[in-house]
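Fold and contact review
As a plain string of letters, each chain reads:
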Amino acid sequence: MAHDTHDIHRSRAEYEFVKRKRATEMRGQLTSFAIMIFLTLIAFTLVAAEFSPYLIVPILLLLAAIQVVLQLYHFMHMGNKGHGMMAFFMFSGMFIAFLTVLAMVTIVWW
Amino acid sequence: MSSNAQKTGFGATIWDYITTVDHKKIAILYLISGGFFFLVGGVEAMLIRIQLMKAGNDFLSAGTYNEVLTMHGTTMIFLAAMPILFAFMNSIAPLQIGARDVAFPFLNSLGFWLFFFGGVFLNLSWFLGGAPDAGWTNYASLALASEGHGIDFYSLGLTISGFGSLIAGINFLVTIINMRAPGMTYMRMPLFTWTTFVASALILLAFPPLTVGIFFMIFDRLFGANFFDVTMGGNTIIWEHFFWIFGHPEVYILILPAFGIFSEIFAIFSRKRLFGYTALVFATILIGFYGFMVWAHHMFTTGLGPTANAVFALATMIIAVPTGIKIFNWLLTIWGGSISFTVPMIYAVAFIPSFTAGGVTGVMQAIAPLDYQLHDSYFIVAHFHYVIVGGVVLAILAGTHLYWPKMFGTMLSEKLGKWTFWFFFIGFHLTFFIQHFLGLMGMPRRVYTFGADQGWDLFNAISTVGAFFMAVGVIILLVNVVMTTIKNERVGNDPWGDGRTLEWAIPSPPPFYNFAQTPLVRGLDPYWIEKMEGNKEGMIYAEPLGDIHMPNNSFIPFVMSLGMFVASFGALYHLDGDKAWALPVLIIGLGITFGSMLVRSWKDDLGFIVTKEELIADQERIQREAQAREGGKNGGLK
């Protein structure tokens, strides 16, 4: 609703602060973007070089996990303030899902 | 005109409850329908005990016995215990954090109606060719072989009511994270809110595995898939895994809110702050985590192998640690308190030894080699009834007495309440204590009869007598409810006299907008703090009195759930092959559901505003009523 929008007036210092913060954030995003491309390159190289699948699969899974974390923190702003509960729930869920799948895989199919 | 102008009359009241999105009214709906299913499950329990009263009894046939036993377990867990706990969560948790309502009032109503129609669908199986008969665990090898439509009623009914539970769980999570009053930090939340929070998180993570399992089951039975069919390359054990990955957290979904209710009771009636509040909170969270790591202890005898058994045995035993922390904290809360033995407090005190006994037999079963002896015997039956009846049901009865004034504005009779307690408590121990020994003597669970030469006659007869005691207790409770409602003696904000948390700072029952002004929370037990500082007004407030934005009632949740209900019949009978109407029914049902979703999405519903003037008038009315009450007779306990 229109009357709910607020005009935000910032002082000079606040403006500088926000600007600096955004610059830092942008640098983080660019860096992680570069890292992600590099990780993808490693993945492709591994497969192209035809290493044993027993080597490739675990490394690919590890790289994927790193990519997810980078994505969450640098592009989806999970590190920002007020995201503690989300992070807690996501990691709890992942932890529980991981344990469950691991246990299922080991005791049902091995 | 705003909708707080009340229409009276029976039809208008019914319509109001069908369309309501008010968390307090939805709580009453949960309580009534959960209570109804509790009675249905209770009657089924009585049938079981009558059948097992003597050797070679022929009161129920073997097939009917299987149906009664399955429906007793399924009804009690999914349709009685959970909804009644949802009733308390809905009614109390938003008040305890000083919220206006839950985060999604519309979804709250939808969750209720999905549960309701799922439960009705499941129970209609009695009249439509036979109830499910593969036990509440519905193990696949048994379920796939079951004839008739019983199992399909189970899987479709639980899918629908499972959606309802999931919606309710998500709603509580969002409410508790986002809608706490100013000053209500996480570590100032009352224990009941905390346990609601953790139980909701468990619902969020535990119900999807059940839904997946049931989907596989539906596909196997209705569409000829082979997920669990060993002869076609499936794996029947996978169902057991899915079921218990859900099933073990499920028992914590039940017991944690029960712990919460008892934590409130101990603090109120010992007139002390909870001993070890922080430890209680972290024990609750820890139990939530451990709940997901122990499911295979239900499957020790399926042949998982010694390594898996050892891992899950140890994990299971660890759970005794946080639970033990809780027990000691409650004992130390009572210790040195100024105790008043009201009905809720009597239940709470009785809960400690009863539940501990169930916990101890649980640790016994965690010892995998011993479990090979105990598995599928009456020892197991005794164990889980000790934790569920001795924990959850005692909490439900205690909570009914404790929160009745807050939900309905009248006090249940203390005298009749004590009669209920003694009949129920003695009956409970009489029924189930002796079943430990029946199990050790070799009586298997789920058998419909036994022979006269097996030496189980006397103990079974005693057990049946105990069941009748419990039934008498429940009947006295019903009488109590009726008499209290007829007498209709209204009570004030804090009828127990020693309320500590925010829900006791508001009239009983609270006005539809809850707190006129959002309260400011200055510490743990905020209402107690204000009382101790002699605050006549009750609370201090975080905002000036102003207009309140409220959601409109809606008929859509009811229709949406009804569509699922109708569609289930179509899905169920479609596979008979000879019923041409089944497919149209399925399509019409889904059409109703998706159509009402579209209406909901396209129609703007901006709610209504309770103006400041209306609020002031309503607050004055409440004050007048309170003065009239105090002029006449003192409501409440003191």
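Quick note: structure is the one above.
This one's a predicted model, so the numbers in the text were calculated from it and none came from an experiment.

Procedures and definitions
- Residues numbered from 1 in each chain as written.
- Chains lettered and ligands numbered in written order.
- Predicted model: local features only at pLDDT ≥ 70, side-chain atom pairs only at ≥ 80, totals over all residues.
- Heavy atoms only, no water.
- Contact = heavy atoms within 4.5 Å.
- Buried area = accessible area lost by both parts, 1.4 Å probe.
- Salt bridge = Lys/Arg side-chain N within 4 Å of Asp/Glu carboxyl O.
- Polar contact = N/O pair within 3.5 Å; in protein donor to acceptor, adjacent residues only side chain to side chain.
- Helix = DSSP H or I, 4+ residues; strand = E, 2+ residues; numbered from the N terminus.
- Nonpolar A, V, L, I, M, F, W, Y, C, P; charged D, E, K, R; others polar.
- Patch = residues over 30% accessible without salt bridge, like charges linked within 9 Å, V, L, I, M, F, W, Y side chains within 5 Å.
- Areas by Shrake-Rupley, 256 points an atom, 1.4 Å probe, with all protein chains shown as cover.
- Axes fitted to C-alpha atoms, helices over the stretch in contact; angles between N-to-C directions.
- Parallel < 35°, antiparallel > 145°, perpendicular 65-115°, else oblique.

1. A word on the interface of chain B and chain A
On the chain A side, the residues contacting the 18 residues of chain B number 14 residues. Together, the buried faces of chain B and chain A total about 1,400 Å²; carbon and sulfur atoms form 92% of this surface. At the boundary of chain B and chain A, one finds zero salt bridges. Scanning the region where chain B abuts chain A turns up zero residue pairs in polar contact (both at pLDDT 80 or more). At the level of elements, helix H6 (150-178), helix H7 (191-223), helix H8 (236-270) and helix H10 (306-318) of chain B are the ones that each hand at least two residues to the side of chain B that touches chain A. With four residues, the single largest contributor to the side of chain B that touches chain A is H7(B). Split into classes, the residues belonging to the side of chain B that touches chain A amount to 16 nonpolar, two polar and no charged.

2. Concerning a nonpolar patch on the surface
Residues and elements named next belong to chain A. A cluster of nonpolar side chains, contributed by Val68, Val69, Tyr73, Met90, Phe91 and Met94, occupies part of the molecular surface with about 460 Å² of accessible area. Elements represented by at least two residues in the nonpolar patch include exactly helix H2 (53-75) and helix H3 (84-109). Of note, Met90 is situated in helix H3.

3. Thoughts on the packing of helix H12 (residues 343-366) of chain B against helix H15 (residues 414-440) of chain B
All names here are of chain B. Axis separation between H12 and H15 bottoms out at 10 Å; the angle between their running directions is 10°. Taken together, the axis directions place H12 and H15 in an arrangement best described as roughly parallel. Contacts between H12 and H15 involve Val343, Pro344, Ile346, Tyr347, Ala350, Ser354 and Thr361 from the first element and Glu414, Gly417, Lys418, Thr420, Phe421, Phe425, Phe428, His429 and His436 from the second. Broken down by class, the residue content of the contact of H12 with H15 amounts to eight nonpolar, six polar and two charged.

4. Some remarks on the pattern of salt bridges
This model, assessed by the stated rule, comprises 15 salt bridges over all chains. Salt bridges linked by common partners bring Arg522(B), Glu530(B) and Glu533(B) together as one network.

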